[in-house]
Amino acid sequence: VRGKTAVKSLSNIENVSLSGISYQYPNTSSASLNNISLSFRKGSLNTIAGPSGSGKSTMADVMLGLLRPDNGNLLINGERLTSSNLASYQCSIGYVPQHIFILDDSVIANVAFGEDPRNIDIQRVEDALVKANAMEFVVRLKDGTKTQLGQDGKLLSGGQRQRIGIARAVIMQPEMIIADEPISALDVSIQAQVINLLNDLRDRL
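Below or above, wherever it landed, is the structure these notes cover. (Residues numbered from 1 in each chain as written. Predicted model: local features only at pLDDT ≥ 70, side-chain atom pairs only at ≥ 80, totals over all residues. Heavy atoms only, no water.)

### Thoughts on the overall build of the protein
Scanning the protein for helices and strands turns up seven helices and six strands. Taken from the N to the C terminus, the helices and strands of the protein come in the order β-β-α-β-β-α-β-α-α-α-α-β-α. Relative to the globule expectation of 17 Å for 205 residues, the C-alpha radius of gyration of the protein, 18 Å, shows essentially globular dimensions. Dimensions of the protein, computed from the C-alpha atoms along their principal axes, are close to 50 × 40 × 35 Å. With an accessible surface of roughly 11400 Å², the protein has 47% of that area assigned to carbon and sulfur atoms. Distance from the positive charge centre (20 side chains) to the negative charge centre (20 side chains) of the protein: 2 Å. (Helix = DSSP H or I, 4+ residues; strand = E, 2+ residues; numbered from the N terminus. Rg over C-alpha atoms; globule rule 2.2 N^0.38 Å. Areas by Shrake-Rupley, 256 points an atom, 1.4 Å probe, with all protein chains shown as cover. Lys, Arg positive; Asp, Glu negative; His and termini not counted. Charge placed at Lys NZ, Arg CZ, Asp CG, Glu CD.)

Quick look at the structure:
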């Protein structure tokens, strides 16, 4: 969380590139990624498609800086990602996982995940909810943003859960958002809504 660390996030990320990336998990017989080279430009929405086990989540973990490739480099604006700039890079990324963890707490606490409750900026929470198209259902909840979502978000539908996850990423004011299979567990009708939302975020962040 930016407010809890002295690490300064990167600004003006225009391009993120994978250059000859290979990665093989320990004790496995084949590489999950083999000589992958891709480039992602600011203002674009990119989708990586493939069957289960094809390396999509591994690629996301490499791009998040969670896995260090066996070969190749991750380049940020042409500069190689190293241990010296890793923390700043990670502070610049919003992440939406496949399965959104929901606290047994309020909407506010779930969006401002990990922040000291005494220091939460409610306006930032509300702005993130608006950008994630989540405010439209939050205002209909019993206590609005103060509504307790219950154990593992029992009050939320799948699409609402994803919107809370997106708001959680957006509140960080990231330079880039990485979403790992954000629609895989959703009904077809909701999948289209989430894809349209991610597309809209290109112009709203």
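### Here we look at the packing of helix α4 (residues 122-131) against helix α6 (residues 158-170)
Two packed helices can be described by the angle between their axes and the distance between those axes. Viewed as axis vectors pointing N to C, α4 and α6 meet at an angle of 125°, and their least axial separation amounts to 8 Å. Our classification of the angle between α4 and α6 gives oblique. When the axes of α4 and α6 are compared, the crossing they make is right-handed. Every residue of α6 that contacts α4 at A128, L129 and K131 is listed here: I164, A167 and V170. When grouped by side-chain class, the residues that make up the contact of α4 with α6 number five nonpolar, no polar and one charged. (Axes fitted to C-alpha atoms, helices over the stretch in contact; angles between N-to-C directions. Parallel < 35°, antiparallel > 145°, perpendicular 65-115°, else oblique. Left-handed = near helix turned anticlockwise from the far one by under 90°. Contact = heavy atoms within 4.5 Å. Nonpolar A, V, L, I, M, F, W, Y, C, P; charged D, E, K, R; others polar.)

### Digging into the nonpolar core
Formed by 30 residues in total, the largest nonpolar core has its most connected members in V107, V111, V125, L129, I164 and I166. Listing elements by their share of this core, those giving two or more residues are α3 (107-111), α4, α5 (135-138), α6 and α7 (188-201). With five residues, the single largest contributor to this core is α6. Membership of the second largest hydrophobic core comes to 20 residues, among which are Y23, L33, F40 and M59. (Core = buried A, V, L, I, M, F, W, Y, C linked by side-chain atoms within 4.5 Å. Buried < 20%, exposed > 50% of the residue type's maximum accessible area, 1.4 Å probe, protein only.)

### A few points about the pattern of salt bridges
Counted by the stated rule, this structure contains four salt bridges. Here D152 ties to R161 by a salt bridge, and the two come within 3.5 Å at their closest N and O atoms. Here D152 falls in the partly exposed class, since its relative accessible area comes to 44%. Taking relative accessible area as the criterion, R161 reaches 18% and is therefore assigned buried. (Salt bridge = Lys/Arg side-chain N within 4 Å of Asp/Glu carboxyl O.)

### Some details on the sheet that holds strand β3 (residues 71-76)
Picture the strands of a sheet paired through backbone hydrogen bonds; they go either parallel or antiparallel. Spatial ordering of the open sheet is given by β2-β1-β3-β4, a layout of four strands whose pairing is antiparallel. The two strands at the open ends of the sheet, each matched to only one other strand, are β2 (33-41) and β4 (79-80). Bridge count for strand β1 (residues 15-23) against β2 is six bridges, and the pairing is antiparallel. Following the sheet pairing, L18 is matched in β2 by L38. Docked against the sheet, helix α1 (residues 56-63) engages β1, β2 and β3, running at close to 60° with respect to β2. (Pairing = 2+ DSSP bridges.)

### Some thoughts on unusual backbone geometry
Unlike most non-glycine residues, N35 shows phi in positive territory, near 55°. Note on placement: N35 falls in strand β2. For N35, a relative accessible area of 55% corresponds to the exposed category.

### Things to note about α4
Burial in α4 covers these residues: V125, A128 and L129. Buried residues in α4, looked at end-on, bunch into an arc of 100°, giving them a common side. On the buried face of α4, the contacting elements are α3, α5 and α6. Where α4 starts, the residue carrying a side-chain oxygen 3.0 Å from the main-chain nitrogen of Q123 turns out to be D121. Phi turns positive one or two residues past the end of α4, at N133, with a value near 55°. (Arc of directions from axis to C-beta. Polar contact = N/O pair within 3.5 Å; in protein donor to acceptor, adjacent residues only side chain to side chain.)

### Regarding the packing of aromatic side chains
In this structure the tally under the stated criterion is two aromatic pairs. Ring geometry for Y23 against Y25: centres 4.9 Å apart, planes inclined by 85°, an arrangement best described as edge-to-face. The partly exposed category is assigned to Y25, whose relative accessible area is 30%. (Phe/Tyr/Trp six-rings, centres within 6.5 Å; stacked < 30°, edge-to-face > 60°.)

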